[in-house]
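Below, each chain spelled out in residue letters.
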Amino acid sequence: MLTSIVGINWGDEGKGRMVDLLSENYDIVCRYQGGNNAGHTVVNPMGKFALNLLPSGIFREDVVNILGNGMVIDLEHLHGEVQRLRDAGVKIGPENLKISDKAVICMPYHKLLDCYEEDRLAGAAYGSTRRGIAPVYGDKYMKKAIRMGNLLDMEACRKSLSSIVAYKNLTIEKVYGKEAVKEEDMFAWLETYGGEFKDYICDTTIFLNDAVKNGKSILFEAQLGALRDIDFGIYPYTSSSSTIAAYAPIGSGVPNLRLDNVVGIMKAYSSCVGEGPFTCEFFGKDAEELREAGGEYGVATGRPRRVGPFDVPASRYGVKVQGADEIALTKLDILSYLKEIPVCTKYELNGKETKDFPYASVLDQAKPVIEYVKGWNCDISGCRKKEELPKEALDYIRFIEKETECRIKYVSVGAGRDEYIVMY
Ligand code: GDP
Ligand code: MG
């Protein structure tokens, strides 16, 4: 069984939480894109964790976790994250964590360049996490990157690094007028943090194909959501990688394998970190109440997240581009404080109403059409069966199912591993 777990919205839907839960039934969990700009929260019997690079299957002892070739890896950050988890009693070693030899290394100068560019843009910044993600993906496609496999021959690695650092310093000094980075510092960084992970490097194409041949199952864990995808998202306010389910086999090293199932993680309301058009956005008191209720502050950055009601055009689009077979609807419990629940059912654009998600740059002109559905207005966080949910909550679930044209299989009513309901 090859399953992909992906975000339907703008990210922070609760993917980490669902991967932690569903990985019980899988042998392998792969992250296949992005870097440490992810913040996946997991609350389980071992504690509460915010994962940036490590797959959310890391807490299960018999699961092998993979950082795929589609990822960009800040080795210093990985070192810190692994240490943090080990301190909490999580076992991590080359047996249960493997890093693709083709994954790209996010270097200290990528972080610098990310900051220099955001600062240059000032008021028009993209709202980057400043963790070097756009610069490192840029270098990947410019073919100026160091990959994990290069660490296995440090002599050759030094030669590549030398030429790349000279190239990067042209931009650092001549475009941004900043101080050049030193090749020896970058090499020392690679030796220190790369050295630690040498035994983890592997050819995931061989590893995963062998695993599948031996009947093993794989769960692919995406970062961010459909609307942040580099091609299909709200470009340029997107991430720099493909957050789409169809990319999972490619970004993990198995472009020859086909997914059996796509689980879309969809939030019962909307949230969006950073800049970009967010048609359904709440402001003022409505926003504050929802942000407080949902604890909507970024895991990676601590930034207050922008919030709004469930957005039908955006979520329908997310379901479609992800090719979702089933949905996990998360954070339904957060809406319990509302007597009437607002839903953005359509956009109004050029005097016409539409349920289709418009081209990114046209989105600024779109206005939300809000309808209200009856709330349940009571605590549902203790519900574990469909039958225990109030009628209004079931109606809300059915309403969203109908509007997004996808079945909701799981409903989550709390952050803890067991706080969910299976709908069928
Ligand atoms: P991810 O990036 O998609 O993994 O999501 P985040 O971890 O960034 O954000 C989801 C937040 O909601 C985290 O703080 C989770 O612990 C929390 N969470 C997930 N599912 C639920 C839920 O059903 N109810 C509540 N109250 N919190 C949830
Ligand atoms: Mg997150």
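The rules behind these values
- Residues numbered from 1 in each chain as written.
- Chains lettered and ligands numbered in written order.
- Predicted model: local features only at pLDDT ≥ 70, side-chain atom pairs only at ≥ 80, totals over all residues.
- Heavy atoms only, no water.
- Helix = DSSP H or I, 4+ residues; strand = E, 2+ residues; numbered from the N terminus.
- Rg over C-alpha atoms; globule rule 2.2 N^0.38 Å.
- Buried < 20%, exposed > 50% of the residue type's maximum accessible area, 1.4 Å probe, protein only.
- Contact = heavy atoms within 4.5 Å.
- Areas by Shrake-Rupley, 256 points an atom, 1.4 Å probe, with all protein chains shown as cover.
- Lys, Arg positive; Asp, Glu negative; His and termini not counted.
- Charge placed at Lys NZ, Arg CZ, Asp CG, Glu CD.
- Near = heavy atom within 4 Å.
- Polar contact = N/O pair within 3.5 Å; in protein donor to acceptor, adjacent residues only side chain to side chain.
- Donors = N, O, S within 2.8 Å, 3.2 Å for Na, K, Ca; no water.
- Phe/Tyr/Trp six-rings, centres within 6.5 Å; stacked < 30°, edge-to-face > 60°.
- Lys NZ or Arg CZ within 6 Å of the ring centre and 35° of its normal.
- Salt bridge = Lys/Arg side-chain N within 4 Å of Asp/Glu carboxyl O.
- Expected span 1.5 Å × (residues − 1).
- Core = buried A, V, L, I, M, F, W, Y, C linked by side-chain atoms within 4.5 Å.
- Domains from an automatic or database assignment.
- Buried area = accessible area lost by both parts, 1.4 Å probe.
- Pairing = 2+ DSSP bridges.

Trainee: How should the overall build of the chain be read in this particular structure?
Mentor: Summing up its helical and strand segments, the chain has 11 helices and 20 strands in all. For 424 residues, the compact-globule estimate of 2.2 N^0.38 gives 22 Å, and the chain sits close to it at 22 Å. For the chain, the proportion of its 424 residues judged to be buried stands at 57%. Partitioning the contacts of the chain with sequence separation of at least 6, the portion at a separation of at least 24 is 76%. Counting every atom, the chain has about 17,500 Å² of accessible surface; 50% of that belongs to carbon and sulfur. Here the chain carries 53 positive and 61 negative side-chain charges, and the mean point of each set is 2 Å from the other.

Trainee: Which parts of the structure should I look at to understand unusual backbone geometry?
Mentor: Negative phi characterises most residues that are not glycine, and trans characterises most peptide bonds. Note that the residue after Tyr235, namely Pro236, is joined by a cis bond; omega there is 5°. Assignment of secondary structure puts Pro236 in the loop between strand S10 (218-225) and helix H8 (248-252). Phi is positive for Asp12, which is not a glycine, with a value near 60°. Its location among the elements puts Asp12 in the loop between strand S1 (2-7) and helix H1 (15-22). Asp12 sits in the partly exposed class, given a relative accessible area of 22%. Although it is not a glycine, Lys331 sits at a positive phi angle of roughly 60°.

Trainee: Explanation requested: the site of ligand 1 in the structure shown.
Mentor: Close contacts around ligand 1 come from 18 residues, with Asp12, Lys15, Thr41, Asp333 and Ser412 the closest. In the environment of ligand 1, an oxygen atom lies 3.2 Å from a nitrogen or oxygen atom belonging to the side chain of Arg305. With the chains in place, 91% of the 590 Å² that ligand 1 exposes on its own is no longer accessible. Elements with a minimum of two residues in the shell around ligand 1: H1 and strand S3 (40-44). In terms of residues, the shell around ligand 1 owes the most to one element, H1, which gives 3 residues.

Trainee: Whenever I open this one, the coordination of the magnesium ion (ligand 2) confuses me. Can you help?
Mentor: Metal coordination angles in their ideal form are 109.5 degrees for the four-donor tetrahedron and 90 or 180 degrees for the six-donor octahedron. Those protein atoms acting as donors to the magnesium ion (ligand 2) are Asp12 (OD) and Gly39 (O), and they sit at 2.0 to 2.2 Å. A residue pair is termed long-range when its members are at least 10 positions apart, and Asp12 in the loop between S1 and H1 and Gly39 in the loop between strand S2 (28-31) and S3 qualify at 27 residues.

Trainee: Honestly, the packing of aromatic side chains in this entry has me stumped. Any pointers?
Mentor: To describe a pair of aromatic rings, you give the distance between the ring centres and the angle between the ring planes. All chains considered together, the criterion is met by 9 aromatic pairs. Pairwise contacts between aromatic rings join Tyr317, Tyr347 and Phe357 into one cluster. Looking at Lys144, its charged tip hangs above the ring of Tyr167, at a distance of 4.5 Å from the centre. The ring centre of Phe187 lies 4.6 Å from the NZ or CZ of Arg158, which sits over that ring.

Trainee: Mind showing me how you'd approach the pattern of salt bridges here?
Mentor: A side chain with one charge may pair with a side chain of the opposite charge, provided their charged atoms come close. Here the structure, examined in full by the defined rule, presents 23 salt bridges. In this structure, Arg305 and Asp12 form a salt bridge, with 3.1 Å as the shortest nitrogen-oxygen distance. With a gap of 293 residues between them, Arg305 in the loop between helix H9 (284-294) and strand S13 (306-308) and Asp12 in the loop between S1 and H1 connect regions that are remote in the sequence. A residue is classified by how much of its surface remains accessible, and Arg305, at 5% relative accessible area, is buried. Where Lys168 meets Asp139, a salt bridge forms, and the shortest distance between an N and an O atom there is 2.8 Å. Note that Lys168 is positioned in helix H5 (residues 154-175) and Asp139 in helix H4 (residues 133-142), a separation of 29 residues in sequence.

Trainee: Got a minute to help me understand H5 in this structure?
Mentor: In a regular helix each residue adds 1.5 Å, so 22 residues correspond to 32 Å; H5 covers 30 Å between its end C-alpha atoms and thus fits that length. By the burial criterion, the buried members of H5 are Met154, Cys157, Leu161, Ile164, Val165, Lys168, Asn169 and Ile172. Close packing links the buried residues of H5 with helix H3 (108-121), H4 and helix H6 (183-195). One or two steps after H5, the chain reaches Gly177, where phi turns positive at roughly 65°.

Trainee: Explain the nonpolar core to me, please; I cannot follow it from the model alone.
Mentor: Generally speaking, a soluble globular protein has its nonpolar side chains buried in company with each other. By size, the foremost hydrophobic cluster in this structure holds 54 residues, and its most contacted members are Leu332, Leu335 and Tyr396. Examining the composition of this core, we find that 5 residues originate from one element, helix H11 (residues 391-404), more than from any other. Each residue touching Leu335, except ones within four places of it in the same chain, is listed here: Ala268, Tyr269, Leu290, Ile341, Trp376 and Tyr396. One finds Met71, Met107, Ile146 and Trp189 within the second-largest nonpolar core, a separate group that totals 42 residues.

Trainee: In this structure, what is going on with the domain arrangement of the chain? I would like to understand it.
Mentor: Often, the extent of an interface is quoted as the loss of accessible area upon association of its parts. If you check the domain split of the chain, you get domain 1 (2-103 + 202-263), domain 2 (104-196) and domain 3 (266-422). For domain 1 and domain 2, the distance between their C-alpha centroids amounts to 23 Å. Taken together, the contact between domain 1 and domain 2 spans 27 residues of the former and 22 residues of the latter. Each partner contributes to the roughly 2,100 Å² buried at the junction of domain 1 and domain 2, and carbon and sulfur atoms together form 57% of this total. Where domain 1 packs against domain 2, one counts 1 salt bridge.

Trainee: Help me understand the side chain of Asn37, please; the structure alone is not making it clear to me.
Mentor: Within the secondary structure layout, Asn37 lies in the loop between S2 and S3. A relative accessible area of 13% means that Asn37 is categorised as buried. Of note is the side chain of Asn37, whose polar atom sits 2.5 Å from the side chain of Gln223.

Trainee: Explanation requested: the sheet that holds strand S11 (residues 261-267) in the structure shown.
Mentor: Whether parallel or antiparallel, the strands of a sheet pair through hydrogen bonds between backbone atoms. Taken together, the 10 strands give an open sheet; going across it, the order is S9-S7-S5-S2-S10-S1-S11-S15-S19-S20, and neighbouring strands pair in mixed fashion. For this open sheet the edge positions go to strand S9 (201-202) and strand S20 (420-422), each flanked by a neighbour on one side alone. When strand S19 (residues 408-412) meets S20, the two strands line up antiparallel, connected through 3 bridges. By the bridge assignment, Val411 is partnered in S20 with Ile421.

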